[in-house]
Amino acid sequence: MSPQPQAAVGAPLSRVDGRLKVTGEAKYAAEFDVDQVVHAVIVDASIGRGRITGFDTRAAEAHPGVLRVIHHGNAPKLPYRDNPGSNNLPGRRLRVFQDDKVLFHGQPVAVVIATTLEAAQHGASLVKVRYDAQQPSTDLAEAEPGEPTEYARGNADAALRDAPVRMDLTYRMARNHHNPMEMHATIARWDGGKLTVWDKTQYVPGTQLELSTVFDVPLKSVRVINPFVGGAFGSGLRCWPHTVVAALAARELKRPVKVSLTRRQMYFGTGFRPMYDYRLRLGSDRRGRLRATVHEMDAETSSYETFEEATMLAGQMFYRTPNVSQAYRKVPLDVNSPIWMRGPGFANASFAIESAMDELAHELGIDPIELRLRNEPAEDESNGLPWSTRRLRECYTIGAREFGWERCNPKPRSRREGDWLVGMGMAAAVYDPNNMPAKARARLNANGTAVVEAASSDMGPGTYTSQTQVAADALGLAMRAVEFRLGDSLYPQTPPHGGSMTMMCVGSANLDACNKIRRQAIQLAVEDEDSPLYGVNADDVVVRNGRLHVKGNPARGETYQRLLTRNNRTHLEADGSWAGPQEPERHSYYSYGAVFTEVGVDATLGLVRVRRMLGVYDCGRIVSPKLADSQALGGMVGGIGQALLEHTVTDHRDGRIVNADLAGYLVPVNADIPEIRAIYVEGEDMQADPLGVKGVGEIVQVGVAAAIANAVFNATGRRVRELPITAEALL
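All values reported here derive from a predicted model rather than from experimental measurement.

**Quick notes on the overall build of the chain**
Inference 1: From N to C terminus, the chain includes 17 helices and 30 strands.
Inference 2: Over its C-alpha atoms the chain spans a radius of gyration of 27 Å, differing by no more than 12% from the 27 Å that the globule rule assigns to 731 residues.
Inference 3: Seen through its principal axes, the chain has C-alpha atoms that stretch 80 × 75 × 50 Å.
Inference 4: Within the chain, the fraction of its 731 residues that count as buried is 63%.
Inference 5: Residue pairs at least 24 apart in sequence account for 81% of intrachain contacts in the chain once pairs closer than 6 positions are excluded.
Inference 6: Roughly 28,000 Å² of accessible area belongs to the chain as shown, and the carbon and sulfur atoms make up 48% of that amount.

**Structural notes on a positive patch on the surface**
Inference 1: A contiguous patch of positive charge, built from R287, R289, R320 and R393, is present on the exposed surface.
Inference 2: On the secondary structure map, R289 appears in the loop between β13 (276-284) and β14 (290-302).
Inference 3: Overall, R289 belongs to the partly exposed group, its relative accessible area being 31%.

**Structural notes on the nonpolar core**
Inference 1: V599, M613, Y617, I708 and I725 are the most contacted members of the largest nonpolar core, which has 93 residues in total.
Inference 2: The element best represented in this core is helix α9 (residues 346-364), accounting for 10 residues.
Inference 3: In this structure, I725 is in contact with V608, A643, L644, A709, V712, V720 and L730, ignoring residues within four places of it in sequence.
Inference 4: Counting 58 residues, the second-largest nonpolar core is a separate cluster that includes L444, F484, L524 and L572.

**Concerning the sheet that holds β13**
Inference 1: Strand order in the open sheet formed by 6 strands is β7-β15-β14-β13-β8-β30, with mixed pairing between adjacent strands. Two strands bound the open sheet, and with one partner strand each, they are β7 (149-153) and β30 (722-723).
Inference 2: The sheet contact formed by β13 and β14 spans 9 bridges and is antiparallel. Across the sheet, residue L280 finds its bridge partner in β14, namely H295.

**Focus on the packing of aromatic side chains**
The description of two aromatic rings rests on the distance between their centres and on the angle between their planes.
Inference 1: Inspection of the entire model under this criterion finds 16 aromatic pairs.
Inference 2: Summarising the aromatic geometry, the rings of F104 and Y304 are spaced 6.0 Å apart at their centres and angled 20° between planes, so their arrangement reads as stacked. Of this pair, F104 sits in the loop between β4 (101-102) and β5 (108-114) while Y304 is found in the loop between β14 and α8 (313-317), placing the two residues 200 residues apart along the sequence.
Inference 3: On the numbers, 5.8 Å between centres and 70° between planes, the contact of W405 with F596 is edge-to-face. Taken together, the positions of W405 in the loop between α11 (392-403) and β16 (416-417) and F596 in strand β25 (residues 591-602) put the pair 191 residues apart, joining distant regions of the chain. As far as burial versus exposure is concerned, W405 and F596 are alike and both buried.
Inference 4: Through pairs of rings, three or more aromatic residues link up here, namely Y28, F228 and Y464.
Inference 5: Of note, R238 hangs over the ring of W240, and the distance from its end group to the ring centre comes to 5.1 Å.
Inference 6: R719 extends its terminal NZ or CZ atom over the ring of F713, reaching a point 4.3 Å from the ring centre.

**A closer look at empty space enclosed by the protein**
Inference 1: Summed over the entire model, instances satisfying the criterion amount to 5 cavities of 30 Å³ or more.
Inference 2: Its volume calculated, the largest cavity comes out at about 240 Å³.
Inference 3: Taken together, 25 residues line the largest cavity, and the ones lying closest to its centre are L94, W240, P241, H242 and G269.
Inference 4: Elements with a minimum of two residues in the lining of the largest cavity: β1 (38-44), α5 (204-215), α6 (241-253) and α7 (263-269).
Inference 5: The residue inventory of the lining of the largest cavity, partitioned by class, reads 13 nonpolar, 7 polar and 5 charged.
Inference 6: Empty space within the second largest cavity amounts to approximately 100 Å³.
Inference 7: If you go around the second largest cavity, you meet 13 residues; those closest to its centre are L290, T293, H295, Y319 and I353.
Inference 8: Elements with a contribution of two residues or more to the lining of the second largest cavity: β13, β14, α8 and α9.
Inference 9: A breakdown of the residues in the lining of the second largest cavity according to their chemical character gives 9 nonpolar, 4 polar and no charged.

**What to know about the confidence of the model for the chain**
Inference 1: A residue-level look at the chain finds 98% of positions with pLDDT of 70 or above and a mean pLDDT of 96.
Inference 2: Below a pLDDT of 50 lies the segment residues 84-91, which in the model reaches 27 contacts outside its immediate sequence neighbourhood of four places, other chains included.

**Side note on the side chain of D618**
Inference 1: Summarising the element assignment, D618 is placed in strand β26 (residues 608-618).
Inference 2: In this view, D618 contacts T389, R390, R391, C395, S591, Y592 and V681; residues no more than four positions away in its chain are not counted.

**With respect to the sheet that holds strand β20 (residues 482-485)**
The pairing of strands in a sheet happens through backbone hydrogen bonds and is either parallel or antiparallel.
Inference 1: Across the sheet, which stays open at both edges, the 4 strands sit in the order β20-β19-β18-β24 with mixed pairing between neighbours. Edge strands, defined here as strands with exactly one partner in the open sheet, are β20 and β24 (571-578). Neighbouring strand axes in the sheet, compared pairwise and without regard to direction, differ in orientation by 15° on average.
Inference 2: The pairing of strand β18 (residues 438-445) with β24 spans 8 bridges and is antiparallel. Across the sheet, A438 pairs through a bridge with W578, a residue of β24.
Inference 3: Here helix α12 (residues 463-475) sits on the sheet and contacts β19 (450-453) and β20; the angle it forms with β20, its principal contact strand, is near 135°.

**Description of the pairing of strand β8 (residues 165-173)**
Inference 1: Residues of β8 alternate between two faces, with V165, M167, L169, Y171 and M173 buried on one and R166, D168, T170 and R172 left unburied on the opposite face.
Inference 2: With 9 bridges connecting them, β8 and β13 associate as antiparallel partners. Paired with D168 across the two strands is R281, which belongs to β13.
Inference 3: By the bridge criterion, 2 bridges tie β8 to β30 in an arrangement that is parallel. Paired with M173 across the strands is L723, a residue of β30.

**Observations regarding the packing of α5 against α6**
Inference 1: Between α5 and α6, whose axes approach to 11 Å, the crossing angle comes to 50°. In terms of their interaxial angle, α5 and α6 are classed as oblique. Considering only the axes of α5 and α6, their crossing is right-handed. Counted together, T207, L211, V214 and F215 of α5 and T243, V244, A247, L248 and R251 of α6 form the full contact between these two elements.
Inference 2: Of the residues belonging to the contact of α5 with α6, the class tally is 6 nonpolar, 2 polar and 1 charged.

**Overview of the pattern of salt bridges**
Inference 1: Under the criterion given, the structure shown has 41 salt bridges.
Inference 2: Close ionic contact of R719 with E359 constitutes a salt bridge, the shortest N to O distance being 3.9 Å. One end of the pair, R719, is in the loop between α16 (704-716) and β30; the other, E359, is in helix α9, and 360 residues separate them in sequence. As far as burial versus exposure is concerned, R719 and E359 are alike and both buried.
Inference 3: The salt bridge partner of E598 is R611, with a shortest N-O separation of 3.0 Å. With E598 in strand β25 and R611 in strand β26, the pair connects residues that are 13 residues apart, well separated along the chain.
Inference 4: Relative accessible area serves as the criterion here: at 5%, E598 is assigned to the buried category.
Inference 5: Each member of the salt-bridge network shares a partner with another, and the members are R415, E417, E598, R611 and R612.

Cut-offs and rules
Residues numbered from 1 in each chain as written. Predicted model: local features only at pLDDT ≥ 70, side-chain atom pairs only at ≥ 80, totals over all residues. Heavy atoms only, no water. Helix = DSSP H or I, 4+ residues; strand = E, 2+ residues; numbered from the N terminus. Rg over C-alpha atoms; globule rule 2.2 N^0.38 Å. Buried < 20%, exposed > 50% of the residue type's maximum accessible area, 1.4 Å probe, protein only. Contact = heavy atoms within 4.5 Å. Areas by Shrake-Rupley, 256 points an atom, 1.4 Å probe, with all protein chains shown as cover. Patch = residues over 30% accessible without salt bridge, like charges linked within 9 Å, V, L, I, M, F, W, Y side chains within 5 Å. Salt bridge = Lys/Arg side-chain N within 4 Å of Asp/Glu carboxyl O. Lys, Arg positive; Asp, Glu negative; His and termini not counted. Charge placed at Lys NZ, Arg CZ, Asp CG, Glu CD. Core = buried A, V, L, I, M, F, W, Y, C linked by side-chain atoms within 4.5 Å. Pairing = 2+ DSSP bridges. Phe/Tyr/Trp six-rings, centres within 6.5 Å; stacked < 30°, edge-to-face > 60°. Lys NZ or Arg CZ within 6 Å of the ring centre and 35° of its normal. 1 Å grid on protein atoms, 1.4 Å probe; cavity = no way out; pocket = protein on both sides within 12 Å on 5 of 7 lines; lining within 4 Å. Points joined across faces, edges and corners; volume = space filled by probe spheres on them. Nonpolar A, V, L, I, M, F, W, Y, C, P; charged D, E, K, R; others polar. pLDDT = per-residue confidence, 0-100. Axes fitted to C-alpha atoms, helices over the stretch in contact; angles between N-to-C directions. Parallel < 35°, antiparallel > 145°, perpendicular 65-115°, else oblique. Left-handed = near helix turned anticlockwise from the far one by under 90°.

Set out below in structure tokens:
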């Protein structure tokens, strides 16, 4: 087949759903108008560990409008059927209202259902719960870790002992919470044995499967609807207890039930980026060439589930290192389960590794970029595979030129502007773009319009738009003639909307379905004696603006509409799929970046202000430059938050989160954000997928915190190894 003309992919187009969002027409989970819906408010445990010894619900049940109070003493026992395909994390589920155990502060212990939200809220405040409280374990530094996940090559301990230059560094990263604008919410309705939920989720098929598992109903009897998500950053990557509570309450009352979490409840009702203690020992020669690294990581998880993220990968493959040893220890605590957060694993690993590389560069008097280039690997040393692409050198070169890196004085505290100490820093970035099987379904109508469906989500990166761009070019249609539908479990199954995999996986399935339809139409035309294309070699036909024609001879052809109408076809339809790279064992697939930043530090107050930032990224083909810019700027803002502001504080006496609101948990605001810019290295990765993409969403937060910490050191001479970087650490 001749290559299809590309008019939409690569163009900086505005969002196709933009008008719906700015006019308020886009409906989010809590906004659907479901007949006879009632409201439910969850009662949260006020202790961090122990048992429930009794309830007093009389005042709540007597309150006007309250319909029912459900807790473990009167709730039906749910089967929680085992299903290895569930999106539940390894370990024991939190079985809501099934026993008297309290496993963490804020755990759902009851739910009050009422005719109005206000009645449910007041009813929940009237529920009295008696506890046998125990001392919770919530301090990472004091708890006993579990068995480590380990990796080794060479003999790291021996190589470290023999290395001319040795460093032993410990970094600590605070717990972070996602804090999207839209609260998590669920509306649940039963129709006989069939369940429909309108749910805020990044994983429509996963929520469908989890509810099928918990209530032991056939998968096809559960429908999940989720057309829009108001931000999530990873918090919607699994089905949380409040969704189960909504479905349970709806079944008990035989009425639709809505549950909306408050901002405070989000801190223990959904997950978080876990806290890390990361010890990194490294050895090198006098020229800075790494000989050995030893990584020891402690990360929090819950006592009832085992959460682990890909924090080890960067230390295995990013730099040429013949001897590597790693131990990742999960520390069970009396907390709710962590979950993936933007740049999962790599964002934290990069802070330790890229800070350590900067410390080594300073110790040896080598430019930080030059040090990284001296340790650039020829292949993925963790598995011996060649890179599918690795344009990191270009990222360094472009970034240094565009940022003015040559003006960076390597001597700390050498630049001052009034009360401000000014410094520059950089860090490299890497991310492993995930890939999982995906499906899509496309239909070309006789009127020349098309519809593509997939059960994906759109939490803000622009899935509606980018997928429409792919479909439009594959079908040879204008953007306005294509509708992409998502957010419904009735559509073909897709992977979670996270991990930078949506464009790669769903986009490839979308491309496959649309390519099949275009080929069907071309075949129909070349075999139709009444078609101007009759007898033409199908490989010589392309489609542009809904018109099939011979490549190089636009005059010879006809429209989809005319072709289908003449052949009495109401539509053409095809299913598309994507199962991953054809030969995944032959290449190592990563995206890369280099982050440059300039900071000012108030010499008297210790306040840090980011002045400007540049990220240069190797992410394969960029489907939508405008959307990619939005992703990059948002990711860098998230990195500024991780570096300077975000920190979940726990009272270890009872496990309570002290700053469970946006007054106490600080995130960047417009006044915190300076000049930030992103550049994308040209190139595609056709080894990775048919679109040549790698995804942008995760890589853009990786490396930001380290670049800021390195700039703070350059400005002040003070090395801060704990996130967030506070004024106290610099005074």
